[in-house]
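Remarks on the overall topology
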4 protein chains.
Amino acid sequence: MARGGLYYGDYLQLERLLSAQTAESGKLGQAAHDELLFIIVHQAYELWFKQILFEMDAVQGIFSTDQVDDRDVGTAARLLGRIWEILKLGVHQLDVLETMTPLDFLDFRDHLVPASGFQSAQFRQIEVRLGLRRQDRINFEDKPFDARLQGADRDRVNHTEQVKSLHDQVEAWLERTPFIEMGGFTFRESYRKVVTDMLSRDEDTIRTNPLLQDAEREVELAGLKRAQVKFDALFDESIHAAQREEGGWRLSWRALQAALFITLYRDEPALQVPFTLLSRMMDIDETLTIWRYRHSLMVQRMIGLKIGTGGSSGHQYLRRTAEQHRVFGDLFALSTFLIPRSALPALPDAVRAEMGLTYSRKG
Amino acid sequence: MARGGLYYGDYLQLERLLSAQTAESGKLGQAAHDELLFIIVHQAYELWFKQILFEMDAVQGIFSTDQVDDRDVGTAARLLGRIWEILKLGVHQLDVLETMTPLDFLDFRDHLVPASGFQSAQFRQIEVRLGLRRQDRINFEDKPFDARLQGADRDRVNHTEQVKSLHDQVEAWLERTPFIEMGGFTFRESYRKVVTDMLSRDEDTIRTNPLLQDAEREVELAGLKRAQVKFDALFDESIHAAQREEGGWRLSWRALQAALFITLYRDEPALQVPFTLLSRMMDIDETLTIWRYRHSLMVQRMIGLKIGTGGSSGHQYLRRTAEQHRVFGDLFALSTFLIPRSALPALPDAVRAEMGLTYSRKG
Amino acid sequence: MARGGLYYGDYLQLERLLSAQTAESGKLGQAAHDELLFIIVHQAYELWFKQILFEMDAVQGIFSTDQVDDRDVGTAARLLGRIWEILKLGVHQLDVLETMTPLDFLDFRDHLVPASGFQSAQFRQIEVRLGLRRQDRINFEDKPFDARLQGADRDRVNHTEQVKSLHDQVEAWLERTPFIEMGGFTFRESYRKVVTDMLSRDEDTIRTNPLLQDAEREVELAGLKRAQVKFDALFDESIHAAQREEGGWRLSWRALQAALFITLYRDEPALQVPFTLLSRMMDIDETLTIWRYRHSLMVQRMIGLKIGTGGSSGHQYLRRTAEQHRVFGDLFALSTFLIPRSALPALPDAVRAEMGLTYSRKG
Amino acid sequence: MARGGLYYGDYLQLERLLSAQTAESGKLGQAAHDELLFIIVHQAYELWFKQILFEMDAVQGIFSTDQVDDRDVGTAARLLGRIWEILKLGVHQLDVLETMTPLDFLDFRDHLVPASGFQSAQFRQIEVRLGLRRQDRINFEDKPFDARLQGADRDRVNHTEQVKSLHDQVEAWLERTPFIEMGGFTFRESYRKVVTDMLSRDEDTIRTNPLLQDAEREVELAGLKRAQVKFDALFDESIHAAQREEGGWRLSWRALQAALFITLYRDEPALQVPFTLLSRMMDIDETLTIWRYRHSLMVQRMIGLKIGTGGSSGHQYLRRTAEQHRVFGDLFALSTFLIPRSALPALPDAVRAEMGLTYSRKG
């Protein structure tokens, strides 16, 4: 066909797309009215999942090398931003699905057993590629997460598990951040000094605050103690290693320091885009969590105390995954280590200069 | 396959669905990265359009009879509410598409000529079924709206044009509202009395307001005059007919009165659901308008002063359709006729009783 | 001042409103940039809380009588719809607050100790008026929910606790639903018959499904058993009473039946608006839950593992309130009792007639 | 008061805030129920306007110098991003206001005459500070935009008009972009070469496309001609000057080139954040436009063909401001000048090096 002859419907393969909705409830008689909505919402999700996986390809391609170009970090941040927008749309899509009432759902729900959203291979791949590991997952009815997938789907998901995840790629990239040890400067050491000061000041505040009752004081001191223990992880590699062993941290010691450094000095030209990158990963983690949570509320509303189409009391499970299936939790936990800007150690001029733009060096 | 064996991916026909994305830019070499997003956004729209048409089927089925069951009016309002939610999602989807920048679009834009969103047959059908008529439309490049559709698509759209639209069905349903002339009561007459009072009071206020300068007073009096002329349409069938002839009104005289009556006495049990129905039609009209407007802004941002993929300076056209392609404009214009609740004529007890629920009549 | 002279700024008391932002961090020197955002977000919340309480006044006024007018139920549903919209806006407002990063927050966070959102008296009043009881609440640091409120605020909240909540008002209104026992018809009995059939059919399906492995079958049968036990609560007043004693139900036996009846036969004219009313209460419950959950995620992101401004590890607490502080949970649990429309017992003509509109009776 | 004793209600000045709502309709009797909503929505807008103006202070402070620090450009982009979020919330707030129906509004509308949203001094200041000039504005009832403001408000707005706007500050900053003329490289010249090629290729496509009918071909060629004329403005200073004189462009010739350069080479480290900055200005412009448009739709729905509270047929005026009151229109028009990445002239190595980060130069 001539290039000039492209037609909208052909380009979008609408004939194929719009003939791919077959209601189960209609196979034996009158289809339930709301089944089409159910199908189309799920198909829209799967289209968007395909888009997310495609963007993940590009982002992971960027981080698959040991020498990530500064130009490409911006691209990665932008594409993660797109994934974030898609996930926000996914949350919004639940508003449409919620126009279906439990009674409407009941008209076709039994026809779907045991099909279930648990069987979305694309969603599993998204989780795996972001960095959700088998051991991080909550089992559902004592079976591994991929037990319900059929052959080809399971193979695809299992194959994805063999590939380095975005989490691990970014961890490696963080570890290569040059500025945290440069010349004589060691970020960790200069930071330790100001933190030690700050924590003893905080302790002082709590001990001398006349408005606190004894019980309150104990609570606050215990909290401070917990913070101190956490800081120890930052300053002492063996403590970090021990906590990591127990699941307290996932990021390596060096990656954690780099992520903290980027967060604290985000205004330096070399760190602005890396900071955006880390923010987008948190945005994605948070929005996935919100989606899981809202999904669980909807399931509860839809089926009450009954079992799900996959035979499960799904909403409790979904709610627990919202809590547990988080990939970039360490980035959230970073806030634990933050100290006020006024207390931040000043960077050596030489290090700052390295983080600037070439043209402005002369300025 | 046994009914119990339904599998998620088979149910949703994912193999078919997820293999229906072919980038034009990829046919001759490396596909442009953002073309997949472009395809998937449009496919998602088309899926949702299918859903909207399906709900329109149900709603129009309800109004296809001369004796619409009170139970069904609630169903119709609920389904129109769903269409509204879908349209709101459609507006939100533009947020995702806007993560594509003009430069990214340029990488594949030329490959799509002359395909264009103008060629969405489903969208045209939605417009037609709501009640947008050929004569209401703004021509684009001096050609009728369906000129760009290919055979089967055009046939489908043209066929839809032969069928009674929702607008016309609801107009007929409104005309059958029994309460506006019941026993000795004529809503129009009792309303005319209070309106006449109110307008002369308003005129008085304007004439005596010491804060108005002469020029302002003239402006306000002219506005009042316009309102009076509008009211005349309500009270005098021949004036309404003349204005309707000139495009001032689309609804028939009787339907207009009924819609106003429902709006004014919406709390009566018999009118609560009809009022919701009218509101949903306005919501749909407004949200379609917002979608068209945002779409036009996005097109402007995307292609600047260039021509669209369909060869058009599309954003100006889209902006004008936002203004002109409205179906339920008369319902918005109804506000012109409203008067404060305190001035509303009380309904005769007999009429009120007819609008109540049977069980409470005894109460 | 002459009525005609009203000025926008005076009407809105802008001088007062816009001079009510004083940053704590600025009292001793340079104010932290983001503190104004923090203040304004919270002030916007409090303005909206005032609006919600005002709408609650109107809604509770409607239900404060034993003879609620059918006209007013529609008004109540509409005002609850407004509260829902406000709560959705409240969720959206978090997007603005999240433009503040943890590091920005740290610049003034210490100045706010021990002030805390726990001290919002208006929010506590909203909870109480909806129907959250003292015994439903999770204690925070072993103190009752109002321990942190100062005198006048605590008095106001405690006073609200003395007044009948919306939950209890609606429960009483549900109990008065006439249709569930009318003439010889008892909804509960006719429903029991079809449920018994359905459950044994379900059991059969599970037992004979060849695709289920034994372990799966046990899980499903256990789920079915749980459903049966739940149904028993519907059919046997003493079982309901026992479960209610243990916190399984909050609604009375009769109210539960009425809510179920409304849900099942929502298309009947007399039930359309009551069904909307129940839906709005669920929407409010769900959106409050989403707000609490998103709030907890934001707190976690903002302060990591540190203590909150009120001295608490707030995000865990917030997350648990999302789970536990629900008022209309029984309405969600109602789905447990639903059966497919095709299995619904037909209503006697006499009962149906009572639920129709007067004018159509003749039809 | 001891620092430790801060109380939530005192901090937020809730007593003051929550006592600043007085319904006009209540002064002579029973207040109209919906007037509180009307007041609170507008107060919430004014709170957010204060926040926007505060962020504008910070952003304009950054651009008030001839030597903007690279670090601060990131901050400015972030704060403009916050303004964007606030504006999106502002659009959402209309959803709440739309729960008020025209009939409800009528209960107090007359009491407000002639107060009007036209009198929001803060909103006028936002417009002025972004860069909307007196001459850009559509007059309303033949009076200048500030005619309805009272003394102090008008003074404040007029004072703002004397200060350099964000538009003009950013224009000056763009003009200082070093890379568009550096060493022997002149961006304009290298770009002209590839554009000339591209346009003649496009012309060729149109002339030889067998699917175009003659009339269509003329339309497309005319469009191409328009594009060429536009490009001339980029390459020839005197043409730009002439078009600018006639209102075709607002940005200076040099600023336009810099903005285009940033858009085309946005991936270079030195341009990533400037590109985000320009994007945020477009986002703000677009969202303000959407807000104005939705506002106009709501006004139309609320008052039909009547006059506004300020005595105006406001919705037509609002709709035209959506179209005309745009500040960063030139950034949207930039898309006119874009060419596909594959055709982009490669930058000289020396120029690229200057746009890199210092540390990576050695790499």
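The structure under discussion appears in the preceding block.
Reference entry: report on the structure contained in this document. Values in this document were obtained by computation on a predicted structure and should not be read as measured data.

Reading guide: rules and limits
- Residues numbered from 1 in each chain as written.
- Chains lettered and ligands numbered in written order.
- Predicted model: local features only at pLDDT ≥ 70, side-chain atom pairs only at ≥ 80, totals over all residues.
- Heavy atoms only, no water.
- Helix = DSSP H or I, 4+ residues; strand = E, 2+ residues; numbered from the N terminus.
- Buried < 20%, exposed > 50% of the residue type's maximum accessible area, 1.4 Å probe, protein only.
- Contact = heavy atoms within 4.5 Å.
- Areas by Shrake-Rupley, 256 points an atom, 1.4 Å probe, with all protein chains shown as cover.
- Buried area = accessible area lost by both parts, 1.4 Å probe.
- Salt bridge = Lys/Arg side-chain N within 4 Å of Asp/Glu carboxyl O.
- Polar contact = N/O pair within 3.5 Å; in protein donor to acceptor, adjacent residues only side chain to side chain.
- Core = buried A, V, L, I, M, F, W, Y, C linked by side-chain atoms within 4.5 Å.
- Nonpolar A, V, L, I, M, F, W, Y, C, P; charged D, E, K, R; others polar.
- Least-squares fit on C-alpha atoms with pLDDT ≥ 70 in both.
- Axes fitted to C-alpha atoms, helices over the stretch in contact; angles between N-to-C directions.
- Parallel < 35°, antiparallel > 145°, perpendicular 65-115°, else oblique.
- Expected span 1.5 Å × (residues − 1).
- Lys, Arg positive; Asp, Glu negative; His and termini not counted.
- Phe/Tyr/Trp six-rings, centres within 6.5 Å; stacked < 30°, edge-to-face > 60°.

Moving on to the overall build of chain A. A tally of regular secondary structure across chain A gives 17 helices and 2 strands. Once the C-alpha set of chain A is aligned to its principal axes, its extents read approximately 75 × 65 × 35 Å. Here chain A, with 363 residues, has 64% of them falling under the buried criterion. Taking as baseline every contact in chain A between residues at least 6 positions apart, the subset at least 24 positions apart corresponds to 73%. For chain A, the exposed surface amounts to about 13800 Å²; the carbon and sulfur share of it is 50%.

If you look at the interface, chain B gives 30 residues, while chain C gives 30 residues. Of the roughly 2700 Å² buried at the junction of chain B and chain C (both faces included), carbon and sulfur atoms supply 51%. It is Asp70(B), Arg71(B) and Thr358(B) in chain B that bury the most area against chain C; as a group they hold 26% of the surface buried on that side. One salt bridge in this structure joins Glu268(B) and Arg71(C), with 2.9 Å as the shortest N-O distance. Applying the counting rule to chain B against chain C returns 16 residue pairs in polar contact (both at pLDDT 80 or more).

All right, on to the nonpolar core then. Soluble globular proteins tend to bury their nonpolar side chains together. Among the nonpolar cores identified, the biggest contains 469 residues, and Tyr191(A), Tyr191(B), Tyr191(C) and Tyr191(D) are the most heavily contacted of them. If sequence neighbours within four positions are ignored, Tyr191(C) has contacts with Phe231(C), Leu234(C), Phe235(C), Leu260(C), Leu264(C), Phe337(C), Leu338(C), Ile339(C), Leu344(C) and Pro345(C).

Next up on the list: the interface of chain B and chain A. Contact residues are listed per partner, giving 68 residues for chain B and 68 residues for chain A. The interface formed by chain B and chain A includes 4 salt bridges. The salt bridge involving Arg82(B) is made with Asp34(A); its shortest N-O contact spans 2.8 Å. Linking chain B with chain A are 35 residue pairs in polar contact (both at pLDDT 80 or more), by the criterion used here. Of all the elements in the fold, those that place two or more residues in the side of chain B that touches chain A are helix 1 (8-11), helix 2 (14-17), helix 3 (35-62), helix 4 (70-97) and helix 5 (102-112) of chain B. Ranked by the residues each element gives to the side of chain B that touches chain A, the list is headed by helix 3 of chain B, at 18 residues. Tallied by class, the residues present in the side of chain B that touches chain A amount to 30 nonpolar, 20 polar and 18 charged.

So, on to the relation of the copies chain B and chain C. Screw-axis analysis of chain B against chain C gives a translation of 0.1 Å along the axis, an RMSD of 0.1 Å, and a rotation angle of 180 degrees. Viewed as a symmetry operation, the transformation between the two copies matches a two-fold axis. Looking at the interface residues of chain B, 93% of them are also at the interface in chain C, so both copies use one shared face.

A separate point is the packing of helix 9 (residues 187-208) of chain C against helix 10 (residues 214-235) of chain C. All names here are of chain C. Interaxial distance between helix 9 and helix 10 falls to 10 Å at its minimum, and their mutual angle equals 175 degrees. Comparing the axis directions of helix 9 and helix 10 gives the class roughly antiparallel. Between helix 9 and helix 10, the residues in contact are Arg188, Tyr191, Arg192, Val195, Leu199, Asp202, Glu203, Ile206, Arg207 and Thr208 and Arg217, Glu220, Leu221, Leu224, Gln228, Phe231, Leu234 and Phe235, respectively. Tallied by class, residues from the contact of helix 9 with helix 10 come to 9 nonpolar, 2 polar and 7 charged.

Once that is clear, we can look at helix 10 (residues 214-235) of chain B. Residue and element names in this part refer to chain B. With 22 residues, helix 10 ought to run about 32 Å at 1.5 Å a step, and its terminal C-alpha atoms sit 31 Å apart, in line with that. For helix 10, the full list of buried residues reads Arg217, Glu220, Leu221, Gly223, Leu224, Ala227, Lys230, Phe231, Ala233, Leu234 and Phe235. Where helix 10 is buried, its residues touch helix 9 (187-208), helix 11 (237-245) and helix 12 (253-264).

With that out of the way, let us pick up the relation of the copies chain B and chain A. Structural alignment of chain B on chain A gives an RMSD of 0.1 Å, achieved by rotating through 180 degrees and translating 0.0 Å along the axis. Looking at chain B, 100% of its interface residues are interface residues in chain A too, so the copies touch through the same face.

The next subject is the environment of Asp66(C). All names here are of chain C. Following the sequence through the fold, Asp66 ends up in the loop between helix 3 (35-62) and helix 4 (70-97). Accessibility expressed as a relative area gives 59% for Asp66, which makes it exposed. On a C-alpha basis, the gap between Asp66 and Glu141 in space is 41 Å, while along the polypeptide they are 75 residues apart.

Within the element layout of this structure, Lys50(B) appears in helix 3. Asp57(B) is the oppositely charged side chain nearest to the buried, salt-bridge-free Lys50(B), at an N-O distance of 9.6 Å. With residues up to four places along the chain from it excluded, the contact list for Lys50(B) reads Leu18(A), Gln21(A), Leu36(A), Ile40(A) and Gln122(B).

Another aspect to go through is the pattern of salt bridges. All names here are of chain B. Considering all chains together, one arrives at 148 salt bridges over all chains under this definition. Among the ionic pairs, Asp146 bridges to Arg134, the shortest N-O distance being 2.6 Å. Taken together, the residues span a long stretch of sequence, with Asp146 in the loop between helix 6 (121-130) and helix 7 (151-162) and Arg134 in the loop between helix 6 and helix 7 at a distance of 12 residues. Asp146 gets classed as buried once you look at its relative accessible area, which sits at 5%.

With that out of the way, let us pick up the packing of aromatic side chains. This model, assessed by the stated rule, comprises 70 aromatic pairs over all chains. When the ring of Tyr293(A) is compared with that of Tyr293(C), the centres are 3.6 Å apart and the planes differ by 5 degrees; the resulting orientation is stacked. In this pair, Tyr293(A) sits in helix 13 (residues 269-303) while Tyr293(C) sits in helix 13 (residues 269-303), so the two residues belong to two different chains. Judged by relative accessible area, Tyr293(C) falls into the buried class, the value being 2%. Between Phe123(B) and Trp291(B), the aromatic rings sit 5.2 Å apart at their centres with planes inclined by 50 degrees, giving tilted as the arrangement. Residue Phe123(B) is found in helix 6, and its partner Trp291(B) is found in helix 13 (residues 269-303); the two are separated by 168 residues along the sequence. The same class applies to Phe123(B) and to Trp291(B), which are both buried.

Turning to the packing of helix 6 (residues 121-130) of chain A against helix 7 (residues 151-162) of chain A, a few remarks are in order. Residue and element names in this part refer to chain A. Relative orientation of the contacting elements helix 6 and helix 7 amounts to 5 degrees, with a least axis distance of 9 Å. Classified by the angle their axes make, helix 6 and helix 7 are roughly parallel. In this structure, helix 6 contributes Ala121, Arg124, Gln125, Val128 and Arg129 to the contact, and helix 7 contributes Asp153, Arg156, Val157, Thr160 and Glu161. Tallied by class, residues from the contact of helix 6 with helix 7 come to 3 nonpolar, 2 polar and 5 charged.

Residues and elements named next belong to chain D. The buried fraction of helix 6 (residues 121-130) is high, at 10 of 10 residues. Turning to helix 6, its buried residues are Ala121, Gln122, Phe123, Arg124, Gln125, Ile126, Glu127, Val128, Arg129 and Leu130. Residues of helix 6 that are buried sit in contact with helix 3 (35-62), helix 7 (151-162), helix 8 (166-175) and helix 13 (269-303). Gly131 sits one or two residues past helix 6 and shows a positive phi near 135 degrees.

With that settled, consider the environment of Arg319(D). With respect to the secondary-structure elements, Arg319(D) resides in helix 14 (residues 314-324). Here the alpha-carbon distance between Arg319(D) and Arg134(D), two residues 185 residues apart in the chain, equals 18 Å. In this structure, Arg319(D) is in contact with Glu323(B), Arg326(B), Tyr293(D), Ser296(D), Leu297(D) and Gln300(D), ignoring residues within four places of it in sequence.

With respect to the element layout, Met355(B) can be found in the loop between helix 16 (349-354) and helix 17 (358-361). Classification of Met355(B) by relative accessible area gives buried; the value is 0%. Considering only alpha carbons, one finds Met355(B) and Pro178(B), 177 residues apart in sequence, at a separation of 9.8 Å. Sequence-distant contacts of Met355(B), that is, excluding residues within four places in its chain, are made with Phe179(B), Phe261(B), Glu268(B), Pro269(B), Ala270(B), Leu271(B), Leu347(B) and Leu357(C).

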